[in-house]
Amino acid sequence: MPLLLLAVFTFVFNGIFQMKWPHDESQGPLNFALFVFVGLIIHQTFAEVLSRSPTLFTSQTNLITKVVFPLWALPASIVLSAMYHLFLTMLLFAIILLFLSTPFLTWLVVPILILPFIIASLGLSLLITSLGVYLRDLGQIMGLLVTLLMFLTPIFYPLSAVKGSAGFWLSLNPMAVLIEALRSAILLNEWPPLSSHVYLWAFSLASLLVGTFVYLKLKRGFADVL
């Protein structure tokens, strides 16, 4: 699937539309597709977590009402599954890049960038799964949110292309910070700024704390609601 997506992106963006990535001096035939691909694999991973979380507890009522089970393991399993798919995709992506150019030393920072993404995903999954027990329409809201995030996250464009106040607000999107940092490290041979690491870690820890707090507060009523 990742290879097929990359091939389609290359054909459409470069072969048909002849699109070039802004501020990219090398302008290789695959460059636009590669920049888009980095953003898309992060979005797809996050979308998988958001889409599966709202109905997770409501679809496992037997574990909640009849068995003593560590419910936090269910959101964790969603995150682990999504990250496993991300790992495989990025591994294939790295193999493709090795055929196109020599590896950059900056690739070493990728796991450091992905770790807070995992933590943030777990925190948000805990939050959404807990709220999903009480808000049964949350799944539909998450579907809309996933679609909005695709356009409000710099997947098909660089963050630097958005000027003014809109650019400032988009820069507060943690996914935008992560995607831009990954593009710098993977494709541009540039070390992401320290501010990106600080922001991603601050958001991830805040997400985990909020998600854990809401989960612990609400889980005592799960059995009654279900």
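Criteria and cut-off values
Residues numbered from 1 in each chain as written. Predicted model: local features only at pLDDT ≥ 70, side-chain atom pairs only at ≥ 80, totals over all residues. Heavy atoms only, no water. Helix = DSSP H or I, 4+ residues; strand = E, 2+ residues; numbered from the N terminus. Contact = heavy atoms within 4.5 Å. Areas by Shrake-Rupley, 256 points an atom, 1.4 Å probe, with all protein chains shown as cover. Phe/Tyr/Trp six-rings, centres within 6.5 Å; stacked < 30°, edge-to-face > 60°. Buried < 20%, exposed > 50% of the residue type's maximum accessible area, 1.4 Å probe, protein only. Axes fitted to C-alpha atoms, helices over the stretch in contact; angles between N-to-C directions. Parallel < 35°, antiparallel > 145°, perpendicular 65-115°, else oblique. Nonpolar A, V, L, I, M, F, W, Y, C, P; charged D, E, K, R; others polar. pLDDT = per-residue confidence, 0-100. Core = buried A, V, L, I, M, F, W, Y, C linked by side-chain atoms within 4.5 Å. Salt bridge = Lys/Arg side-chain N within 4 Å of Asp/Glu carboxyl O. Patch = residues over 30% accessible without salt bridge, like charges linked within 9 Å, V, L, I, M, F, W, Y side chains within 5 Å.

Engineer: When you look at the overall build of the protein in this model, what are you seeing that I'm missing?
Structural biologist: A tally of regular secondary structure across the protein gives 10 helices and zero strands. Reading the secondary structure of the protein in the N-to-C direction produces α-α-α-α-α-α-α-α-α-α. The contacts in the protein between residues at least 6 apart in sequence include a share of 78% that link residues at least 24 apart. Counting every atom, the protein has about 11,800 Å² of accessible surface; 73% of that belongs to carbon and sulfur.

Engineer: Explain the packing of aromatic side chains to me, please; I cannot follow it from the model alone.
Structural biologist: For any pair of aromatic rings, the description consists of the separation of the ring centres together with the inter-plane angle of the planes. Taken as a whole, this structure holds five aromatic pairs when the rule is applied. The interplanar angle of 45° and the centroid separation of 5.1 Å between the aromatic rings of Phe-37 and Phe-93 together place this pair among those described as tilted. Residue Phe-37 is located in helix α2 (residues 31-52), and its partner Phe-93 is located in helix α4 (residues 73-100); the two are separated by 56 residues in the primary sequence. The class of Phe-93 is buried, set by a relative accessible area of 2%.

Engineer: Looking at this model, I keep getting lost on the packing of α2 against helix α6 (residues 138-152). Mind explaining?
Structural biologist: When two helices pack together, their arrangement is captured by the angle between the axes and the distance separating the axes. As a packed pair, α2 and α6 sit with axes 10 Å apart at the nearest point and diverge in direction by 170°. Looking at the two axes, α2 sits roughly antiparallel to α6. When α2 is examined against α6, the residues Leu-40, His-43, Phe-46, Ala-47, Leu-50 and Ser-51 are found in contact with a partner set consisting of Met-142, Leu-145, Val-146, Leu-149 and Met-150. Here the residues of the contact of α2 with α6 are counted per class, giving nine nonpolar, two polar and no charged.

Engineer: Honestly, the confidence of the model for the protein in this entry has me stumped. Any pointers?
Structural biologist: Do not read the fine detail of predicted coordinates wherever pLDDT is low. With 85% of its residues at a pLDDT of at least 70, the protein reaches an overall mean of 86. Mean pLDDT across the elements of the protein bottoms out in helix α1 (residues 2-16) (65) and peaks in helix α9 (residues 194-218) (96).

Engineer: Can you help me understand the nonpolar core in this one?
Structural biologist: Buried together is how nonpolar side chains tend to be arranged in soluble globular proteins. Counting 54 residues, the largest nonpolar core has Ile-42, Phe-57, Leu-86, Phe-93, Leu-182, Ile-186 and Leu-187 as its most contacted members. Elements with a minimum of two residues in this core: α2, α3 (61-65), α4, α5 (110-134), α6, α8 (174-187) and α9. Among the elements that take part in this core, α2 stands out by supplying 13 residues, more than any other. Beyond its immediate chain neighbours, meaning those up to four positions away, Leu-86 contacts Ile-41, Ile-42, Thr-45, Ile-114 and Phe-117.

Engineer: Looking at this model, I keep getting lost on the pattern of salt bridges. Mind explaining?
Structural biologist: Note on pairing: side chains with opposite charge can pair once their charged atoms come close. All told, the structure shown has two salt bridges when counted by the stated rule. The closest approach of N and O atoms between Glu-48 and Arg-52, which form a salt bridge, is 3.5 Å. A residue pair is termed a helical-turn pair when its members lie 3 or 4 positions apart in one helix, as Glu-48 and Arg-52 do in helix α2 at four residues. Note that Arg-183 is salt-bridged to Glu-180, the shortest N-O span being 3.1 Å. Here Arg-183 pairs with Glu-180, and both are found in helix α8, just three residues apart, close to one helical turn. Overall, the relative accessible area of 2% leaves Arg-183 in the buried class.

Engineer: I would appreciate a short explanation of the environment of Leu-145 in the present structure.
Structural biologist: Its location among the elements puts Leu-145 in helix α6. Sequence separation between Leu-145 and Ala-47 is 98 residues, and the spatial gap between their C-alpha atoms is 9.0 Å.

Engineer: Is there a simple way to think about a nonpolar patch on the surface in this case?
Structural biologist: A cluster of nonpolar side chains, Tyr-84, Phe-87, Leu-88, Leu-91, Leu-92, Ile-95, Phe-99 and Leu-100, forms an exposed patch at the surface whose accessible area comes to about 820 Å². Among the structural elements, Phe-87 can be located in helix α4. We classify Phe-87 as exposed; its relative accessible area is 53%.

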